Amino acid sequence: QVQLVESGGGLVQAGGSLRLSCAASGSIFSINYLGWYRQAPGKQRELVAGITSGGSTNYVDSVKGRFTIGRDNAKNTVYLQMNSLDPEDTAVYYCNAVANICSGCYSENYWGQGIQVTVSS
């Protein structure tokens, strides 16, 4: 199996920055896609940013120009640099990986436990 551990969340004032990290460990053959999702109280979980194994990225419109996703394939780690934070970014952020645990295995979805990001006005 694959375990994902997030770090870097916390409380920040509006306009500030945070950097989230997510380290994947376990029986990993390959990680095809890494993403960050978030869920605010009373709202559905949404994809914030994602990155493929080849480095292609996608972002939700509300964070374009403010957030940057990156990955270190050698360390099985994904990062989310969040700048110009707004109170609307307050949510629990979840790391997601689409990974194979063996050659020929089906890809499966894995999730981290979530980390709180709170932006004060």
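Residues numbered from 1 in each chain as written. Predicted model: local features only at pLDDT ≥ 70, side-chain atom pairs only at ≥ 80, totals over all residues. Heavy atoms only, no water.

Both strand β4 (residues 30-39) and strand β5 (residues 46-52) contribute to a ladder of 6 bridges, which runs antiparallel. Looking at the pairing, Trp36 lines up with Ala49 of β5. With antiparallel pairing between neighbouring strands as the criterion, β4 and β5 make up a hairpin whose turn holds 6 residues, including Gly42 at a positive phi of roughly 80 degrees. When β5 meets strand β6 (residues 57-59), the two strands line up antiparallel, connected through 3 bridges. Across the sheet, residue Ala49 finds its bridge partner in β6, namely Tyr59. (Pairing = 2+ DSSP bridges. Helix = DSSP H or I, 4+ residues; strand = E, 2+ residues; numbered from the N terminus.)

Here Asn100 shows up in strand β9 (residues 91-100). At a separation of 3.1 Å, a polar atom in the side chain of Asn100 contacts the side chain of Ser107. Ignoring anything within four residues of it in the chain, the contact list for Asn100 reads Ser27, Ile28, Phe29, Ser30, Asn32, Cys105, Tyr106 and Ser107. (Polar contact = N/O pair within 3.5 Å; in protein donor to acceptor, adjacent residues only side chain to side chain. Contact = heavy atoms within 4.5 Å.)

Glancing now at the nonpolar core. In terms of nonpolar packing, the biggest core is built from 30 residues, with Trp36, Leu80, Met82 and Tyr93 touching the most fellow members. Of all the secondary structure elements, the ones that give two or more residues to this core are β1 (2-7), β3 (18-26), β4, β5, β7 (67-72), β8 (77-82), β9 and β11 (115-120). At 5 residues, the largest contribution of residues to this core is made by β9. When neighbours within four sequence positions are excluded, Tyr93 is seen to be in contact with Glu6, Leu20, Trp36, Tyr37, Arg38, Val48, Phe67, Leu80, Met82, Gly114, Ile115 and Val117. (Core = buried A, V, L, I, M, F, W, Y, C linked by side-chain atoms within 4.5 Å. Buried < 20%, exposed > 50% of the residue type's maximum accessible area, 1.4 Å probe, protein only.)

Attention shifts here to the packing of aromatic side chains. Taken as a whole and judged by the stated rule, the model has 1 aromatic pair. Relative to Trp111, the ring of Tyr37 has its centre 4.9 Å away and its plane inclined at 65 degrees; by these criteria the two rings are edge-to-face. Placement of Tyr37 in strand β4 and of Trp111 in strand β10 (residues 108-111) is noted, with a sequence separation of 74 residues between them. With a relative accessible area of 37%, Trp111 lands in the partly exposed category. A cation over an aromatic ring shows up here: Arg45 above the ring of Tyr94, its NZ or CZ 3.7 Å from the ring centre. Taking the ring centre of Trp111 as reference, the NZ or CZ of Arg45 above it sits at 4.8 Å. (Phe/Tyr/Trp six-rings, centres within 6.5 Å; stacked < 30°, edge-to-face > 60°. Lys NZ or Arg CZ within 6 Å of the ring centre and 35° of its normal.)

Moving on: the environment of Ser27. Within the element layout of this structure, Ser27 appears in the loop between β3 and β4. A relative accessible area of 41% means that Ser27 is categorised as partly exposed. For the pair formed by Ser27 and Asn109, sequence separation is 82 residues and the distance between their alpha carbons is 14 Å. In contact with Ser27, other than residues within four places in its own chain, are Gln1, Val2, Asn100 and Ile101.

Purely geometric numbers; function is a separate question.
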